[in-house]
Amino acid sequence: MKWRLLPSSVFGQLALVIALVLLGSGLLALLLGRELAMRPASEQLLQAMDGFASVVEELDQSEGSTKVVQQLRAAGLEVRQTPPPERRPRIAPFLRELRERSVTQLGPGREIRLGRQQGRNVFWLKLATREPIWVSFALERRGQGVRRFSLLMLAGCVLLVWLAAAYFARRLVLPLRRLAQAAPGIVRGDPPQGLDSGPREVVELAQALTRSSNDVRTAAEERAFMLAGISHDLRTPLTRVQFALELLPQTDPDLRAGIDRDIGEIDAILTQFIAYARDGRDEPSEALDLTEICRNALAAADPGWRVSLPDSALMHGKPMALLRAVENLLVNAQRHGAFPFALKLERQGDAWEIEVSDQGQGLSAEAVERVRQPFVHAGETGGSGLGLAIVERVAHQHRGELRLIANAPQGLRAMLVLRGA
């Protein structure tokens, strides 16, 4: 399994960058706070403690340690003459700073130890007296409240900034997401919708793709128009040939039947060319019954099909494109397969499946992928090579797919999966 170090989406990457920037800003703020607030405060406190210690030590020299201890306790200070136990709080940056700087700033014979007493962080100052004297100093709870309030304010500001940045990042990503959703239609020549708002660069990209989509659509329309003209121009002389053939009484029947088949084959190929060029995208979608479409397709097929159809199969789609797709599957089975032929329509999950099967020679795995391409023939029995390409295009228009599966014990199963246009 390959782990991703970065999110795959643009929104995720922008959110990660913003979070890292805010984290770095918070760390920088803490470091600056230590340099600009804690160090000057610790220096001032150590200077005051140095003055306090000097006064007490002078009293000790003149009046003795016992009287000094009594005076300190009378002033409300906790005093002890044995070393106190040292406890280092996990979260007390000011006390740690004070202890580190006391090593160099306090004079010889003096020492600071950190501790905790009655739920408060305290520090003990050892005086350079004739007998050891430890004096306790406690930090006010107000300082802890201010620190907690500051941390909460910092966290709240970071959260608000991140939410605001995430909002603008989402505004940047949404047009890109809409553009990605419209990309398949743009490739087909459909004009994109709803891409006229967003960042300037995204709007310019959408406009460029719109121009490209219009060019693709114009080219497709010109191609369809050209093929329609060719079809019209070819069918006119073909009709005259067919009419003239009927007027020749001495023509060999086999020759006449062969010419009729050739004319019909040419007409079918021209029809397939036009169907492939138009591809059904201009046909509006509507409510339809797949069962009725399958029955209409069977009406033009050879007799003898085994049919399994529900009473109705309602969906939203393009009726003419679907009829053409089903007819192509039936024609391919009759042309390249062998009896018995079967047509089945059933519901599978959220999709309708139209299955056309035969007992012919079937196709190899390589041929299955190859026959999906335009102008590729499945055998030597003629055809335009566009039948399955048209079926697959219609399947994509209906959010489905075309599956070609080997039949048992032989033959081919062509399965058209449809979810609706």
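The following paragraphs examine the structure supplied in this document.

Each value, and the rule that gives it
- Residues numbered from 1 in each chain as written.
- Predicted model: local features only at pLDDT ≥ 70, side-chain atom pairs only at ≥ 80, totals over all residues.
- Heavy atoms only, no water.
- Axes fitted to C-alpha atoms, helices over the stretch in contact; angles between N-to-C directions.
- Helix = DSSP H or I, 4+ residues; strand = E, 2+ residues; numbered from the N terminus.
- Left-handed = near helix turned anticlockwise from the far one by under 90°.
- Contact = heavy atoms within 4.5 Å.
- Nonpolar A, V, L, I, M, F, W, Y, C, P; charged D, E, K, R; others polar.
- Expected span 1.5 Å × (residues − 1).
- Buried < 20%, exposed > 50% of the residue type's maximum accessible area, 1.4 Å probe, protein only.
- Pairing = 2+ DSSP bridges.
- Phe/Tyr/Trp six-rings, centres within 6.5 Å; stacked < 30°, edge-to-face > 60°.

We now examine the packing of helix H8 (residues 319–336) against helix H10 (residues 387–397). Taken N-terminus to C-terminus, the directions of H8 and H10 make an angle of 145°; their axes are 9 Å apart at the nearest point. Read as a crossing pair, H8 and H10 show a hand that is left-handed. Touching Ala 321, Leu 322, Arg 324, Ala 325, Asn 328, Leu 329 and Asn 332 of H8 are Gly 387, Leu 388, Ile 390, Val 391, Val 394 and Gln 397, all from H10. Classifying every residue of the contact of H8 with H10 gives eight nonpolar, four polar and one charged.

With that out of the way, let us pick up H8. Helix length check: H8, at 18 residues, gives a terminal C-alpha distance of 26 Å against a target of 26 Å (1.5 Å per residue), a fit within 8%. Turning to H8, its buried residues are Pro 319, Ala 321, Leu 322, Leu 323, Ala 325, Val 326, Asn 328, Leu 329, Leu 330, Asn 332 and Ala 333.

On to the sheet that holds strand E11 (residues 412–418). Taken together, five strands build an open sheet; the order of strands is E6-E8-E9-E11-E10 and the sheet is mixed. What marks the edges here is a single partner per strand, and that holds for strand E6 (306–308) and strand E10 (401–406). Put simply, the sheet's adjacent strands are angled 20° from each other on average, direction ignored. As paired strands, E6 and strand E8 (residues 342–348) are joined by three bridges and run parallel to one another. Of the residues in E8, the one forming a bridge with Val 307 is Leu 343.

Both E10 and E11 contribute to a ladder of six bridges, which runs antiparallel. When the bridges of E11 are listed, Ile 405 appears paired with Arg 413. Remark: five residues form the turn of the hairpin made by E10 and E11, two consecutive strands paired antiparallel; Gly 411 in that turn has positive phi of roughly 105°.

The next subject is the packing of aromatic side chains. Scanning the entire structure with this criterion turns up three aromatic pairs. Aromatic pair Phe 52 and Phe 137: ring centres 5.5 Å apart, planes at 85°, arrangement edge-to-face. With Phe 52 in helix H1 (residues 10–63) and Phe 137 in strand E4 (residues 133–138), this residue pair connects regions lying 85 residues apart in the sequence. Look at Phe 52 and you get partly exposed, because its relative accessible area is 24%. Where Trp 305 meets Phe 341, the ring centres are 5.0 Å apart and the plane angle is 25°; that geometry is what we call stacked. One end of the pair, Trp 305, is in the loop between helix H7 (290–299) and E6; the other, Phe 341, is in the loop between H8 and E8, with 36 residues separating them in the sequence.

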